[in-house]
Amino acid sequence: VDKDYQLRPLPAVIEFNPYRPEQLYKDKTIYGQECTHLNTYKRPEWQHNRKLSSEEAQTISKLPTLVNEFFTHLFPDTNCREFVYDWLHFSLTSRCETYLVMNGAKGVGKNVLSNTICNALIGKKNHKIAQPSALNGDFNAILAESRMIVFDEFKIQDDEDINKLKRYANADQMIERKGVDVGETEKTYNSY
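Let me sum up the structure you'll find in this document. By convention here, each chain's residues receive numbers from 1 onward along its written sequence. Totals for whole chains, interfaces and linings use all residues, but because this is a predicted model, local features are given only for residues with pLDDT of at least 70 and pairs of side-chain atoms are given and counted only at 80 or more. Side-chain measures here rest on the full set of heavy atoms in the structure, leaving out hydrogens and waters.

A closer look at the environment of Lys178
Keep this limit in mind: Put simply, DSSP H or I for four residues or longer makes a helix, DSSP E for two residues or longer makes a strand, and each gets a number counted from the N terminus. Only protein chains enter the calculation, and the probe is 1.4 Å; a residue is then buried if its accessible area is under 20% of its type maximum, exposed if over 50%, and partly exposed in between.
Turning to its location among the elements, Lys178 is positioned in the loop between strand 6 (172-174) and strand 7 (185-187). Note on Lys178: relative accessible area 66%, which makes it exposed. The spatial distance from the C-alpha of Lys178 to the C-alpha of Val150 is 21 Å, given a sequence separation of 28 residues.

Structural notes on the packing of helix 3 (residues 78-93) against helix 4 (residues 110-122)
The line we're drawing: Every axis corresponds to a line fitted to the C-alpha atoms, with the helix fit spanning only the stretch in contact, and the corresponding angles, defined between N-to-C directions, vary from 0 to 180 degrees. Throughout this description, any angle smaller than 35 degrees is read as roughly parallel, any larger than 145 degrees as roughly antiparallel, any in the 65 to 115 degree range as roughly perpendicular, and the remainder as oblique. When the near helix sits turned anticlockwise from the far one by under a right angle, the crossing is termed left-handed; a clockwise turn instead gives a right-handed crossing. Contact between two residues is taken to exist if any of their heavy atoms lie within 4.5 Å; hydrogens are not considered. Classes in brief: Ala, Val, Leu, Ile, Met, Phe, Trp, Tyr, Cys and Pro nonpolar; Asp, Glu, Lys and Arg charged; the others, Gly included, polar.
The interhelical angle for the contact between helix 3 and helix 4, taken along N-to-C directions, is 40°, at an axis separation of 10 Å. As the angle between them shows, helix 3 and helix 4 are arranged oblique. As for the relative orientation of helix 3 and helix 4, their crossing is right-handed in sense. Contacts between helix 3 and helix 4 pair Leu88, Ser91 and Leu92 from the former with Leu113, Cys118, Leu121 and Ile122 from the latter. Taken together, the residues of the contact of helix 3 with helix 4 break down into six nonpolar, one polar and no charged.

Describing the packing of aromatic side chains
Given two aromatic rings, their pairing is described by the distance between the two centres and the angle made by the two planes. To keep things clear, this is the line we draw: To pair, rings of Phe, Tyr and Trp, with the six-membered ring standing in for Trp, must have centres within 6.5 Å; the planes then decide the type, stacked if under 30 degrees apart, edge-to-face if over 60, and tilted in the middle. Only when the NZ atom of a Lys or the CZ atom of an Arg is both within 6 Å of the ring centre and within 35 degrees of the ring normal do we say a charge sits over the ring.
Across all of its chains, the model carries eleven aromatic pairs by this definition. With a centroid separation of 5.0 Å and 50° between ring planes, the pair formed by Phe71 and Tyr85 is classed as tilted. On the criterion of sequence distance, the pair formed by Phe71 in helix 2 (residues 65-74) and Tyr85 in helix 3 is long-range, its members being 14 residues apart. Each of the two residues, Phe71 as well as Tyr85, counts as buried. Pairwise contacts between aromatic rings join Tyr99, Phe151, Phe154, Tyr168 and Tyr192 into one cluster. Positioned above the aromatic ring of Tyr25, the side-chain terminus of Arg20 is 3.8 Å from the ring centre. The ring centre of Tyr168 lies 5.1 Å from the NZ or CZ of Arg167, which sits over that ring.

Description of the pattern of salt bridges
The following threshold applies: Salt bridge, as used here: a side-chain nitrogen of Lys or Arg that lies within 4 Å of a carboxyl oxygen of Asp or Glu.
Within the structure shown, the criterion is met by three salt bridges. Where Arg20 meets Glu22, a salt bridge forms, and the shortest distance between an N and an O atom there is 2.8 Å. Given a relative accessible area of 25%, Arg20 falls into the partly exposed group. In this structure, the salt-bridge partner of Arg20 is Asp27, at a minimum N-O distance of 3.2 Å. Relative accessible area serves as the criterion here: at 32%, Asp27 is assigned to the partly exposed category. One connected set of salt bridges, linked through shared partners, spans Arg20, Glu22 and Asp27.

Describing the sheet that holds strand 2 (residues 24-28)
Basically, it comes down to this: A pair of strands is labelled paired if DSSP reports no fewer than 2 bridges between them.
Read across the sheet, three strands follow the order 1-3-2 without closing on themselves; strand pairing throughout is mixed. Looking along the sheet, the strands with just one partner apiece sit at the ends: strand 1 (12-15) and strand 2. Within this sheet the neighbouring strands show an average axis-to-axis angle of 35°, counted without direction. Where strand 2 meets strand 3 (residues 34-39), five bridges bridge the pair, whose relative direction is antiparallel. Residue pairing in the sheet places Tyr25 in a bridge with His37 of strand 3.

This is the structure we're talking about:
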């Protein structure tokens, strides 16, 4: 080994980026320096490479009957149902700044949509259910490294609650974790 050769650390960035499916890649940092990126995003099962048979490929051109019947039951109005399909599609490909609010009788299927369908679409690691204290607490670590956050059985009582929800609509957030000082603003990828 040449005595003049100096070992220097290879620059690396650890990030959560659902728009970049590779777990390890080379790219530039915000300072323009090329480095290795370690992506902590975990893709949902359905996004992993899988060869479809020709029969399977033909059947995915439309929704399965069971799914279509479920969505028709949950959203009888065609325009409302189309909006939800668009919202779901957008939440998979980007970050929805519009909250999807579902209000209905107990047992009609709201949690099936959230906890079964959305969980499978977004991925178990990326789908989180907020604690009842989420709006009132100081800690918002749930915003980091997730794609969908569900506020289940939340009641919005007044303008103060609305303003608390509005702050989450911003993509850039100061993440507060228990026992950790607030650092830089972090980009979030959540739909709600």
